[in-house]
Amino acid sequence: MNSLLNLEMFGFRAMWSPYFFLFVAVILGIYFLLIGPLRNRFHDSQPVPFKQKALFAGSMILLYAVKGSPLDLMGHLMFSAHMTQMALLYLLIPPLMIYGIPVWMWRAMIYRRGVKQIVSFLSKPLIALIVFNGFFSIYHIPLVFDAVKTDHVLHASVTILIFITAMLMWWPLLNELPEWRELGGIKKIGYIFANGMLLTPACALIIFADTSLYSTYSDPRAWVSALELCVPASMLSGLNLTGPEMFNTLPLVEDQQLGGIMMKIIQEFVYGTLLGIIFFKWARQERERDGLEERKRFSPQPIK
């Protein structure tokens, strides 16, 4: 029977990743220690508003939901779930983290020997765009994808690498450090459009393919090897698995196409929301500037 309820056969550890939960909890604990009892150890530190704390906590909760909840297991069973993971991990979590970490903490992390130079170079808008979208596209080349999805070390390394490039891609657009702002209002709009265009070819390849591209979702042996990344081998050996069709009601090609569509929908939602926020903020600043110029022109007294 094709039912996602069959996920329970993989056990609690595969479904809820308790070790990853502890990792996320430790990160969250360190964050609240740094902005709380240890805050005075940082130069120019300021109290962190509740909204900023909530954004960072939200990013950690979402990170666990993406990589520690049953969604992670589903990502090994269904390509559409995998692409939903990718979209949330690289397009939604980084902005929440960037906004959730206060400026003084960013300075403490970045202004270190060697780190500042690397971040400065890799976060240059053009480089950040090419590096993130390039890595993301290369990862979804079938030969590369299947190799990464069946190797523990490679999978973890590539996931972390693309996440870092995603943070660097978002940095020029969202960071609040005055000395690091390279993009103005209209340039930010262009940056978002460029991001959407560069990600489109990889999504189009997936959406318009008329055959299943990835062995880890079509070949039973490769599929089981991929499952070993999140399901203990001892658990897998005791299960009677015939293939991914046990858990997916969609044909492989339709599931693959749905994955590409999910990626584009989430991308358009995130980019569209940010585009609207940036555009209206830029338009408001332009109106205020024009109003100030108008008042200066007709005021007998200088306006500061």
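The model shown is predicted, which means the values in this text are computed figures rather than measured ones.

Caption draft 1: Layout of the overall build of the protein. Secondary structure summary: the protein contains 15 helices and zero strands in total. For the protein, the C-alpha atoms occupy an extent of roughly 85 × 45 × 35 Å along the three principal directions. Taking all 304 residues of the protein together, 44% fall into the buried category. In the form shown here, the protein has an accessible surface area of approximately 16,300 Å², with 68% of it arising from carbon and sulfur atoms.

Caption draft 2: Representation of the packing of aromatic side chains in the model. Across all of its chains, the model carries 21 aromatic pairs by this definition. Measuring from ring centre to ring centre gives 6.4 Å for tyrosine 111 and tryptophan 180, while their planes differ by 85°; the resulting arrangement is edge-to-face. Residue tyrosine 111 is found in the loop between helix 6 (103-110) and helix 7 (115-122), and its partner tryptophan 180 is found in the loop between helix 10 (152-174) and helix 11 (185-208); the two are separated by 69 residues along the sequence. Among the residues examined, tyrosine 111 registers a relative accessible area of 34% and is labelled partly exposed. Three or more aromatic residues joined by ring pairs form one cluster here, namely Phe79, Tyr139, Phe145, Tyr214 and Tyr217.

Caption draft 3: Local environment of helix 5 (residues 79-100). A rise of 1.5 Å per residue sets the reference length of helix 5, with its 22 residues, at 32 Å; its end C-alpha atoms lie 30 Å apart and thus fit the reference within 8%. Along helix 5, the helix axis deviates most sharply at isoleucine 93, where the bend reaches about 35°; the proline proline 94 sits within four residues downstream. Of all 22 residues making up helix 5, 19 are buried, and the element is well covered by its neighbours.

Caption draft 4: Representation of unusual backbone geometry within the structure. Positive phi outside glycine occurs at serine 17, with the angle close to 40°. Positionally, serine 17 belongs in the loop between helix 1 (11-16) and helix 2 (18-35). With a phi close to 60°, aspartate 44 is a non-glycine residue in the positive phi region. Along the chain, the position of aspartate 44 falls in the loop between helix 2 and helix 3 (50-67).

Caption draft 5: Here's a closer look at the packing of helix 10 against helix 11. Direction vectors running N to C along helix 10 and helix 11 enclose 155°, while the axes themselves pass 10 Å from each other. Taken together, the axes of helix 10 and helix 11 lie roughly antiparallel to each other. The residues of helix 11 that touch helix 10, namely those facing Met169, Pro172 and Leu173, are Lys188, Tyr191, Ile192 and Asn195. The residue inventory of the contact of helix 10 with helix 11, partitioned by class, reads five nonpolar, one polar and one charged.

Caption draft 6: Highlighting the nonpolar core. Membership of the largest hydrophobic core comes to 81 residues, with the highest contact counts inside it found for Phe10, Leu73, Leu77, Tyr90, Trp170, Leu227 and Met263. With near-sequence residues (within four places) excluded, tyrosine 90 lies in contact with Phe132, Phe136, Thr159, Ile162, Phe163, Ala166 and Trp170.

Caption draft 7: Here's a closer look at the pattern of salt bridges. Under the counting rule described, the total for this entry stands at three salt bridges. Linking arginine 107 and glutamate 179 is a salt bridge whose minimum nitrogen-to-oxygen distance equals 2.9 Å. Taken as a pair, arginine 107 in helix 6 and glutamate 179 in the loop between helix 10 and helix 11 lie far apart in primary sequence, 72 residues in all. Classification of arginine 107 as partly exposed rests on a relative accessible area of 31%. Judged by relative accessible area, glutamate 179 falls into the partly exposed class, the value being 41%. Here lysine 264 ties to glutamate 268 by a salt bridge, and the two come within 3.3 Å at their closest N and O atoms. Highlighted residues: lysine 264 and glutamate 268, both in helix 15 (residues 252-298), separated by four residues, approximately one helical turn.

Caption draft 8: Spotlight on the packing of helix 8 (residues 125-139) against helix 11. Two elements in contact, helix 8 and helix 11, have axes separated by 9 Å at closest approach and are oriented at 20°. When the axes of helix 8 and helix 11 are compared, the pair comes out roughly parallel. Once helix 8 is placed against helix 11, the crossing between them reads as right-handed. Between helix 8 and helix 11, the residues in contact are Pro125, Ala128, Leu129, Phe132, Asn133, Phe136 and Ser137 and Tyr191, Ala194, Asn195, Leu198, Leu199 and Ala202, respectively. Residue composition of the contact of helix 8 with helix 11, by class: ten nonpolar, three polar and no charged.

Caption draft 9: Fine view of the side chain of aspartate 72. Tracing the backbone through its elements, the reader meets aspartate 72 in helix 4 (residues 70-77). The class for aspartate 72 is buried, based on a relative accessible area of 8%. Dropping the residues within four chain positions of it, aspartate 72 is found in contact with Val66, Lys67, Gln85 and Cys230.

Caption draft 10: A look at the environment of phenylalanine 50. The topology assignment puts phenylalanine 50 in helix 3. Sequence spacing of phenylalanine 50 and tryptophan 282 is 232 residues, and the spatial spacing of their C-alpha atoms is 26 Å.

Calculation criteria
Residues numbered from 1 in each chain as written. Predicted model: local features only at pLDDT ≥ 70, side-chain atom pairs only at ≥ 80, totals over all residues. Heavy atoms only, no water. Helix = DSSP H or I, 4+ residues; strand = E, 2+ residues; numbered from the N terminus. Buried < 20%, exposed > 50% of the residue type's maximum accessible area, 1.4 Å probe, protein only. Areas by Shrake-Rupley, 256 points an atom, 1.4 Å probe, with all protein chains shown as cover. Phe/Tyr/Trp six-rings, centres within 6.5 Å; stacked < 30°, edge-to-face > 60°. Expected span 1.5 Å × (residues − 1). Bend = angle between axes of the 7 residues up to and from the residue. Axes fitted to C-alpha atoms, helices over the stretch in contact; angles between N-to-C directions. Parallel < 35°, antiparallel > 145°, perpendicular 65-115°, else oblique. Contact = heavy atoms within 4.5 Å. Nonpolar A, V, L, I, M, F, W, Y, C, P; charged D, E, K, R; others polar. Core = buried A, V, L, I, M, F, W, Y, C linked by side-chain atoms within 4.5 Å. Salt bridge = Lys/Arg side-chain N within 4 Å of Asp/Glu carboxyl O. Left-handed = near helix turned anticlockwise from the far one by under 90°.

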